[in-house]
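# Topology and contacts: notes
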Amino acid sequence: MTTRQRYRLLLRYARPQRRHLITLVVFSLVPAGLAALQPLILKVLIDNGLGGEALDGVAADVFAASGLPESATTIVVVTAILFAGLAVVSGAVMDGYTLYWEWIGGRMVRDASRDVFDALQRLSPTYHAGAAMGDSWSLVTTDPSSVYTATSALFVAPLLEIVTLAAITLTAWQLDAGLTVLALSLVPVTAFLSRWSSSRLKSRATVDRRLRVSLTSFVTNVIQSLPIVQAYSAEDHNLDAFRKISRRSVAATRRTAAANTGAEAMSAVMGSFGIGAVLVYGGTLVIDEAITVGVLVAFLSYVRSMYGQFRALLRAGRQVRLAEVGLERMHEVFDSDARIADPEDPTPLPTVPGGSSIRFENVTFGYDDEVVLDDFDLAFEEGQTVAIVG
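Residues numbered from 1 in each chain as written. Predicted model: local features only at pLDDT ≥ 70, side-chain atom pairs only at ≥ 80, totals over all residues. Heavy atoms only, no water.

## Quick word on the pairing of strand 1 (residues 358–367)
Alignment of strand 1 against strand 2 (residues 370–380), held across seven bridges, turns out to be antiparallel. Each residue of the ladder has a partner; that of Arg-359, found in strand 2, is Ala-379. (Pairing = 2+ DSSP bridges. Helix = DSSP H or I, 4+ residues; strand = E, 2+ residues; numbered from the N terminus.)

## Details of the packing of aromatic side chains
According to the stated counting rule, one finds four aromatic pairs in the structure shown. Look at Trp-101 and Tyr-148: their rings are 5.1 Å apart centre to centre, the planes differ by 10°, and that puts the pair in the stacked class. Of this pair, Trp-101 sits in helix 4 (residues 72–120) while Tyr-148 sits in helix 7 (residues 145–175), placing them 47 residues apart in sequence. Plain terms: the ring middles of Phe-365 and Tyr-367 are 5.3 Å apart, the flat faces sit at 80° to each other, and that makes the pair edge-to-face. Residue Tyr-367 is classed as partly exposed on the basis of its relative accessible area of 23%. (Phe/Tyr/Trp six-rings, centres within 6.5 Å; stacked < 30°, edge-to-face > 60°. Buried < 20%, exposed > 50% of the residue type's maximum accessible area, 1.4 Å probe, protein only.)

## A few points about the pattern of salt bridges
Tallying each qualifying case throughout the model produces 10 salt bridges. For the salt bridge of Asp-111 with Arg-110, the shortest nitrogen-to-oxygen distance reads 3.1 Å. For Asp-143, the salt bridge identified is with Arg-329, shortest N-O distance 2.6 Å. Here Arg-329 lies in helix 13 (residues 293–334) and Asp-143 lies in the loop between helix 6 (133–141) and helix 7, a separation of 186 residues in the sequence. Among the charged side chains, a salt-bridge network with shared partners connects Arg-12, Arg-110, Asp-111, Arg-114 and Asp-115. (Salt bridge = Lys/Arg side-chain N within 4 Å of Asp/Glu carboxyl O.)

## Here we look at the nonpolar core
The biggest cluster of nonpolar side chains holds 29 residues, and the ones touching the most others in it are Tyr-13, Trp-101, Met-108, Val-147, Met-330 and Phe-334. Of all elements in the fold, only helix 1 (3–14), helix 2 (18–50), helix 4, helix 7 and helix 13 reach the threshold of two or more residues within this core. With residues near it in sequence (within four places) discarded, Val-147 still touches Leu-10, Tyr-13, Met-108, Ala-112, Leu-327 and Met-330. One finds Val-278, Phe-299, Val-303 and Tyr-307 within the second-largest nonpolar core, a separate group that totals 17 residues. (Core = buried A, V, L, I, M, F, W, Y, C linked by side-chain atoms within 4.5 Å. Contact = heavy atoms within 4.5 Å.)

## Topic: a nonpolar patch on the surface
A surface patch of nonpolar side chains, amounting to about 390 Å² of accessible area, comprises Val-219, Ile-223, Leu-226, Leu-239 and Phe-242. Contributing elements (two or more residues each) for the nonpolar patch: helix 10 (201–224) and helix 12 (235–287). Relative to the helices and strands, Leu-239 is located in helix 12. Judged by relative accessible area, Leu-239 falls into the partly exposed class, the value being 39%. (Patch = residues over 30% accessible without salt bridge, like charges linked within 9 Å, V, L, I, M, F, W, Y side chains within 5 Å. Areas by Shrake-Rupley, 256 points an atom, 1.4 Å probe, with all protein chains shown as cover.)

## Looking at helix 12
Look at helix 12: 75 Å from first C-alpha to last across 53 residues, which is about the 78 Å you get at 1.5 Å a residue. At the exit of helix 12 stands Glu-289, carrying a positive phi of roughly 60°. (Expected span 1.5 Å × (residues − 1).)

## Some details on the packing of helix 2 against helix 7
The interhelical angle for the contact between helix 2 and helix 7, taken along N-to-C directions, is 30°, at an axis separation of 9 Å. On the basis of their axis angle, the class for helix 2 and helix 7 is roughly parallel. The hand of the helix 2/helix 7 crossing is right-handed. Here Leu-21, Leu-24, Val-25, Ser-28, Leu-29, Pro-31, Ala-32, Ala-35, Ala-36, Leu-40 and Lys-43 of helix 2 lie close against helix 7, whose contacting residues are Phe-155, Val-156, Leu-159, Leu-160, Val-163, Thr-164, Ala-167, Ile-168, Thr-171 and Leu-175. Each residue belonging to the contact of helix 2 with helix 7 can be placed in one class, and the counts come to 17 nonpolar, three polar and one charged. (Axes fitted to C-alpha atoms, helices over the stretch in contact; angles between N-to-C directions. Parallel < 35°, antiparallel > 145°, perpendicular 65-115°, else oblique. Left-handed = near helix turned anticlockwise from the far one by under 90°. Nonpolar A, V, L, I, M, F, W, Y, C, P; charged D, E, K, R; others polar.)

## Digging into the environment of Val-229
Relative to the elements of secondary structure, Val-229 occurs in helix 11 (residues 226–231). By relative accessible area, Val-229 is classed as buried at 11%. Between the C-alpha atom of Val-229 and that of Ala-241, which follows or precedes it by 12 residues, the distance is 13 Å. Beyond its immediate sequence surroundings of up to four residues, Val-229 is in contact with Val-222, Ala-234, Glu-235 and Asn-238.

## Some details on the packing of helix 10 against helix 12
Two packed helices can be described by the angle between their axes and the distance between those axes. Orientation of helix 10 relative to helix 12, taken along the N-to-C sense of each, is 155°, at an axis distance of 9 Å. The angle between helix 10 and helix 12 falls in the class roughly antiparallel. Relative to helix 12, the crossing made by helix 10 is left-handed. Of the residues belonging to the contact of helix 10 with helix 12, the class tally is 13 nonpolar, seven polar and five charged.

Below is the structure:
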């Protein structure tokens, strides 16, 4: 499956939700602004409330416009209330953003499941005979969720993270450009190490997915054949087979989780190094009185947020690799050559007043190269009820 085909498949389900997705874009600006504002309030609390420095800039204008005294106690109380209030609002906005996206994504998964089901029922019996019994069930119930996962990882999550990261970086640059450059210097290294550690994630996810289907197919076959299983006392044999398949499935799931966790841990470690470097360099600037303690504390808050947003972007890249497995399976169904095509110019049945009989004479029919009916004759007389079993 090419990248172009992947995006075409996603657009097939994203396009009907475009109005909601545009609303989501506008919605993402709110948490980004709140994330950039909170550390500035913390800086005012430390430098002006606890440090005794005089208010300046926007903070001074706000206090002057509100008529509040610029005493240390008032500054501490006001900034503490603002900081807590922004935290509550930010949490509520993020919850609303998440719930709204879950609703949009649910509609996309519903449409994808419907299309997969429709495509499966139009494929030839030869195709279904060669597929595992649990495969079609997984195609309808599990793989369509990859549309949600891929859209979230390629569009929704990066949109929020990039907007927030840009707002945080621009605000941090205003505080201290040197510290901002230092914080961003480890980003390329973190991205390279994370990508390297997750390079085998997709192949492991593919094996994991195939073994899950095998386990589902095995259980389905056994349950549907219980009379035969019990007649031949095959319970112990099936139990041993189940243990072997489930053991391999659990091992594959563990390997996939290990690859994903390793990549996540790599980015977390590099983020900790970045925060440590900023703390050391920023600490020397505070000692030299180049910046205040409030600036350093606010900047550390920004750096933690910056690395958090960047880790989320890297996590989204890994989610795309996992979602590719389901997207490729859906693509195989939609582009399968086993689809039964309706004739371009079907012959209409004649209409006879008062009714008539229906007759099949010398009918030959089949799927692909396999003949099902050969020189078949059948008659339905007027007023007759016929049941065909088989």
